[in-house]
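Take a look at the letters that make up each chain.
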Amino acid sequence: MPRTKNVTVAGKEYVVQERRIGELKQLVADLFPGSGGKLSEVDPTKLFDLEIDDVLYTKLPELFPGLTAEDVDNAYMSELEALFEAFVDVNFFGLKRLVTPLMNLAQAGAMQQATSAPPAPPTSRRAGTMRKR
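Residues numbered from 1 in each chain as written. Predicted model: local features only at pLDDT ≥ 70, side-chain atom pairs only at ≥ 80, totals over all residues. Heavy atoms only, no water.

*Asks:* I would appreciate a short explanation of the pattern of salt bridges in the present structure.
*Replies:* In the structure shown here, the tally under the stated rule is 3 salt bridges. Residue Arg3 is joined to Glu18 by a salt bridge in which the shortest nitrogen-to-oxygen separation is 3.5 Å. On the criterion of sequence distance, the pair formed by Arg3 in the segment before strand S1 (4-9) and Glu18 in the loop between strand S2 (12-17) and helix H1 (21-31) is long-range, its members being 15 residues apart. For Arg3, a relative accessible area of 35% gives the class partly exposed. When the shortest N-O distance is used, the salt bridge between Asp89 and Lys5 registers 2.6 Å. Here Asp89, found in helix H4 (residues 77-115), pairs with Lys5, found in strand S1; they are 84 residues apart in sequence, far enough to count as distant. Owing to a relative accessible area of 18%, Asp89 belongs among the buried residues under this scheme. Taking the relative accessible area as the measure of exposure, Lys5 reaches 35% and is therefore partly exposed. (Salt bridge = Lys/Arg side-chain N within 4 Å of Asp/Glu carboxyl O. Helix = DSSP H or I, 4+ residues; strand = E, 2+ residues; numbered from the N terminus. Buried < 20%, exposed > 50% of the residue type's maximum accessible area, 1.4 Å probe, protein only.)

Structural data, given as structure tokens:
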């Protein structure tokens with residue numbers, strides 16, 4: 001049974017439903033031409049070249065069927081964020097559950113490595129000198 005999540009955008013209720021792997025691959029291929037449906041082939045630097053109107057009025061309706069330009073115009077940005085978060089939650093919940101502990105483990109390892117560095121040698125200018133009095 002696919003996961004679902006309900007989100008309200010511009011006063012309308014949307015049901016975000018989990019998609020099949022093949023559907024996600026096709027969606028990536030449609031949203032990012034040249035990727036071949038592989039997220040690893042998406043060039044993150046190209047995301048900065050996207051036009052905001054293209055994202056809001058073309059890409060979002062591809063991602064969320066039923067979402068119209070009027071809905072986007074009447075939505076708060078927080079509602080669109082909630083819609084996207086719901087998409088990630090229903091489609092990548094397992095990945096999120098796996099990535100979070102891995103990130104915490106990586107951070108803990110980095111912190112431990114930083115705190116277990118060998119102590120610095122003494123830097124006193126007088127170290128090793130003897131004075132006669």
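*Asks:* What is the right way to read helix H2 (residues 52-63) from this model?
*Replies:* Residues spaced three or four apart along an α-helix face the same direction, because each turn holds 3.6 residues. Along H2, the residues that are buried comprise Leu56, Lys59, Leu60 and Leu63. With its buried residues spanning 125 degrees around the axis, H2 presents them on a single face. (Arc of directions from axis to C-beta.)

*Asks:* Whenever I open this one, the side chain of Asp71 confuses me. Can you help?
*Replies:* Relative to the assigned elements, Asp71 resides in helix H3 (residues 69-74). Overall, Asp71 belongs to the buried group, its relative accessible area being 3%. Of note is the side chain of Asp71, whose polar atom sits 3.0 Å from the side chain of Lys12. Ignoring any residue separated from it by four or fewer positions in sequence, one finds Asp71 in contact with Val9, Ala10, Lys12, Tyr14 and Gly66. (Polar contact = N/O pair within 3.5 Å; in protein donor to acceptor, adjacent residues only side chain to side chain. Contact = heavy atoms within 4.5 Å.)

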